Amino acid sequence: MTRPLADLMRPNTIDEVIGQTNLLGENGLVRRMVDNQRLSNLILWGPPGCGKTTIARALANSVDMDFVPLSAVFSGTADIKKVMEAAKMNREIGRNTLLFIDEIHRFNKTQQDTLLPYLEDGTVTFIGATTENPSFNLNNALLSRCHICVLKPLCTTDLLTLTGRAETFLGKKIPLTNDAKIHLCQMADGDARFLLNSIEYISSAKFKKDLTPEKLDSAIQKRAPMSDKDGD
């Protein structure tokens, strides 16, 4: 099965990541960590498609660490212990491990507590990703061992840059007028994954002419707006 465009285009280092200049810019927290080649434990909090997984993977590459991803939806305490045993063996041969747990807010208190001794002794560097407010959904003990990084939805300018990068990657023009490109970026509502999935569909659908904004609306169902009934 062919990998999605969003995965194929995932940046290899933080220098290639678009947006999130508050963290990745010259004086950003994450940028300073990479420049010093020393990562701290992080919680990446932001909406879907803003780059949480991308930044975690890029960080591992930027500081030459083994990247181990887990999903809190499908993993449990046994999986954590298995990763930690492998990380200890890694450390014995001089390799460091970055453990990335997506949807970390899905872990219960016991599962979160399982991480604590390994973070304390540096067995792994930990990055957790969440779409939920960490203050309400993560244990204080875990929060006290991590920096909280707030990620923002990508702006239209960022998404237009990503659109241009997609055309370069695909080696062809996306069949959209300039106005339709802007309209697609606005439809994405800050979600880079939605944008790239849409570009992948449009590029393979063999439209005879460049789509206008009106025809784009017909070709792609409008993205449901982001909302959170339990949000602050």
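Just above sits the structure.
Attention in this report is confined to the structure presented alongside it. From a predicted model like this one, the values you see are computed outputs, not experimental measurements. (Residues numbered from 1 in each chain as written. Predicted model: local features only at pLDDT ≥ 70, side-chain atom pairs only at ≥ 80, totals over all residues. Heavy atoms only, no water.)

**Observations concerning a nonpolar patch on the surface**
At step 1: A cluster of nonpolar side chains, contributed by Leu8, Phe169 and Leu170, occupies part of the molecular surface with about 240 Å² of accessible area.
At step 2: Mapped onto the fold, Leu8 is located in helix 1 (residues 5–8). (Patch = residues over 30% accessible without salt bridge, like charges linked within 9 Å, V, L, I, M, F, W, Y side chains within 5 Å. Areas by Shrake-Rupley, 256 points an atom, 1.4 Å probe, with all protein chains shown as cover. Salt bridge = Lys/Arg side-chain N within 4 Å of Asp/Glu carboxyl O. Helix = DSSP H or I, 4+ residues; strand = E, 2+ residues; numbered from the N terminus.)

**Some points on the sheet that holds strand 3 (residues 97–102)**
At step 1: Pairing is parallel across the open sheet formed by five strands, whose spatial order is 2-3-4-1-5. Of all the strands in the sheet, just strand 2 (66–71) and strand 5 (147–150) have a single pairing partner and so form its edges. Neighbour to neighbour, the strand axes of the sheet diverge by 20° on average, direction disregarded. (Pairing = 2+ DSSP bridges. Axes fitted to C-alpha atoms, helices over the stretch in contact; angles between N-to-C directions.)

**Here's the deal with the side chain of Thr125**
At step 1: With respect to the element layout, Thr125 can be found in strand 4 (residues 125–130).
At step 2: Apart from the residues within four sequence positions on either side, Thr125 is in contact with Leu39, Ser40, Asn41, Met65, Thr97, Leu98 and Leu99. (Contact = heavy atoms within 4.5 Å.)

**A word on helix 6 (residues 109–120)**
At step 1: Taking 1.5 Å as the rise per residue, helix 6 with 12 residues should run 16 Å; its terminal C-alpha atoms sit 17 Å apart, in good agreement.
At step 2: Residues of helix 6 that are buried: Gln111, Gln112, Thr114, Leu115, Leu116, Tyr118 and Leu119.
At step 3: Buried residues belonging to helix 6 abut helix 5 (77–92), strand 3, strand 4, helix 7 (134–137) and helix 8 (140–143).
At step 4: The N-capping residue of helix 6, defined by a side-chain oxygen 3.1 Å from the backbone nitrogen of Thr110, is Asn108.
At step 5: The positive-phi residue at the C-terminal boundary of helix 6 is Gly122, with phi of around 75°. (Expected span 1.5 Å × (residues − 1). Buried < 20%, exposed > 50% of the residue type's maximum accessible area, 1.4 Å probe, protein only. Polar contact = N/O pair within 3.5 Å; in protein donor to acceptor, adjacent residues only side chain to side chain.)

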